[in-house]
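Read off the chains here:
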Amino acid sequence: MSVLVGVVGVQGDVSEHREAFRRAGEALGIDVETVGIRGSGVVPDCDVIGVPGGESTTISRLLRTEGIDEEVRQHVENGGGTLATCAGLIVLGNTDDDRVESLGVIDADVERNAFGGQRESFEADIDLNGLDKPFHAVFIRAPVVSDVGDDTDVLAELRGDTVAVKQGNVVGTAFHPELTDDHRIHELVLRGYDD
Ligand SMILES: NC(=O)CC[C@H](N)C(=O)O
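Predicted, not measured: the structure shown is a model, and the values here were computed from it.

Student: Could you give me a rundown of the environment of glycine 168, with the residues and numbers involved?
Tutor: Residue position: glycine 168 is located in the loop between β10 (161-167) and β11 (170-173). The class of glycine 168 is exposed, set by a relative accessible area of 51%. In the structure, glycine 168 is positioned 86 residues away from threonine 82 in sequence and 9.5 Å away in space, judged by C-alpha atoms.

Following this line, the structure appears as structure tokens:
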């Protein structure tokens, strides 16, 4: 059996995510095929989707104009595996920034650019529930999760701020797990597809 992973490809680190999912599949012994999602009609065929970082204003607008937003909503509501990173987390969660049309399918309030000016980009080793060793996380103009709903678990915090969440098969990170050679977060999403 092979698992089809679609990475929303309207903007952001698409090829890095596709590669990370392939490598995570290899590590788990799962045959992973990947596809870029640039228009409607692809998400319904995907077992797993990734929504990358980039600029959440642009990504949310393109999802809507391309007719991908409702398909993503359906996928998440049907329990499909999903990895949403940085801007992807902003778009799938709830933000009160009205320049972003967030979908609200991850029950988490997300604050854009929460680390502000001088700490726009930084790296940190963080402990993440479900991983046995710390994860080296790259933060780029990253958001934080300011509140989560009852069905959403906090996976990781950085100095008191929530930076990774899990809701069923959906994992959201404020940082960029596709930018390092450590694919354990992509593996977390693929687990459950290994039979
Ligand atoms: N690296 C990122 O994805 C940055 C997200 C960006 N700050 C936004 O609000 O959309």
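And the narrative resumes.
Student: Break down the pattern of salt bridges for me, citing the residues and quoting the values.
Tutor: Counting across every chain of the model gives eleven salt bridges. A salt bridge links arginine 99 to aspartate 97; its shortest N-O distance comes to 2.9 Å. According to the relative accessible area criterion, arginine 99 is exposed, its value standing at 57%. Close ionic contact of arginine 184 with aspartate 132 constitutes a salt bridge, the shortest N to O distance being 3.7 Å. On the criterion of sequence distance, the pair formed by arginine 184 in helix α5 (residues 184-190) and aspartate 132 in the loop between β6 (121-126) and β7 (135-140) is long-range, its members being 52 residues apart. What makes arginine 184 buried here is its relative accessible area of 17%. The structure contains a network of salt bridges with shared partners spanning Glu55, Asp97, Arg99, Arg112 and Arg141.

Student: Break down the packing of aromatic side chains for me, citing the residues and quoting the values.
Tutor: Here the structure, examined in full by the defined rule, presents five aromatic pairs. Measuring from centroid to centroid gives 4.7 Å for phenylalanine 122 and phenylalanine 139, while their planes differ by 5°, and the two rings are stacked. A residue pair is termed long-range when its members are at least 10 positions apart, and phenylalanine 122 in strand β6 and phenylalanine 139 in strand β7 qualify at 17 residues. Residue phenylalanine 122 shares its accessibility class with phenylalanine 139, and that shared class is buried. Grouped by ring-pair contacts, the aromatic residues Phe115, Phe122, Phe135, Phe139 and Phe175 constitute a single cluster.

Student: Explain helix α1 (residues 14-28) residue by residue, including any values.
Tutor: If you check α1, its first and last C-alpha atoms are 21 Å apart, about what 15 residues at 1.5 Å a residue would give, namely 21 Å. Of the residues making up α1, those classed as buried are Val14, His17, Ala20, Phe21, Ala24 and Gly25. Burial along α1 is one-sided: seen end-on, the buried residues are contained in an arc of 140°. For α1, exposure combined with an orientation more than 90 degrees from the buried face picks out Glu26 and Ala27. Structurally, α1 contributes buried residues whose contacts are with β1 (2-8), β2 (31-37), β3 (48-51), β4 (81-85) and α5. Immediately beyond the C-terminal end of α1, within one or two residues, lies glycine 29, with a positive phi of roughly 75°.

Student: Describe the UniProt feature "binding site: L-glutamine" (unreviewed entry) in the protein, with residues and values.
Tutor: Within this structure's numbering, the places UniProt gives as "binding site: L-glutamine" (unreviewed entry) are Gly54, Glu55, Ser56, Arg112, Ile140 and Arg141. Spatially, the listed residues are clustered: although they cover 88 residues, their C-alpha atoms lie within 12.8 Å of one another. The residues contacting glutamate 55, other than those within four sequence positions of it, are Gln11, Ala87, Arg112 and Arg141. Relative to the helices and strands, isoleucine 140 resides in strand β7. Residue isoleucine 140 is classed as partly exposed on the basis of its relative accessible area of 34%.

How each quantity is defined
Residues numbered from 1 in each chain as written. Predicted model: local features only at pLDDT ≥ 70, side-chain atom pairs only at ≥ 80, totals over all residues. Heavy atoms only, no water. Helix = DSSP H or I, 4+ residues; strand = E, 2+ residues; numbered from the N terminus. Buried < 20%, exposed > 50% of the residue type's maximum accessible area, 1.4 Å probe, protein only. Salt bridge = Lys/Arg side-chain N within 4 Å of Asp/Glu carboxyl O. Phe/Tyr/Trp six-rings, centres within 6.5 Å; stacked < 30°, edge-to-face > 60°. Expected span 1.5 Å × (residues − 1). Arc of directions from axis to C-beta. Contact = heavy atoms within 4.5 Å. UniProt positions renumbered as here; feature names shortened; annotations may be inferred.

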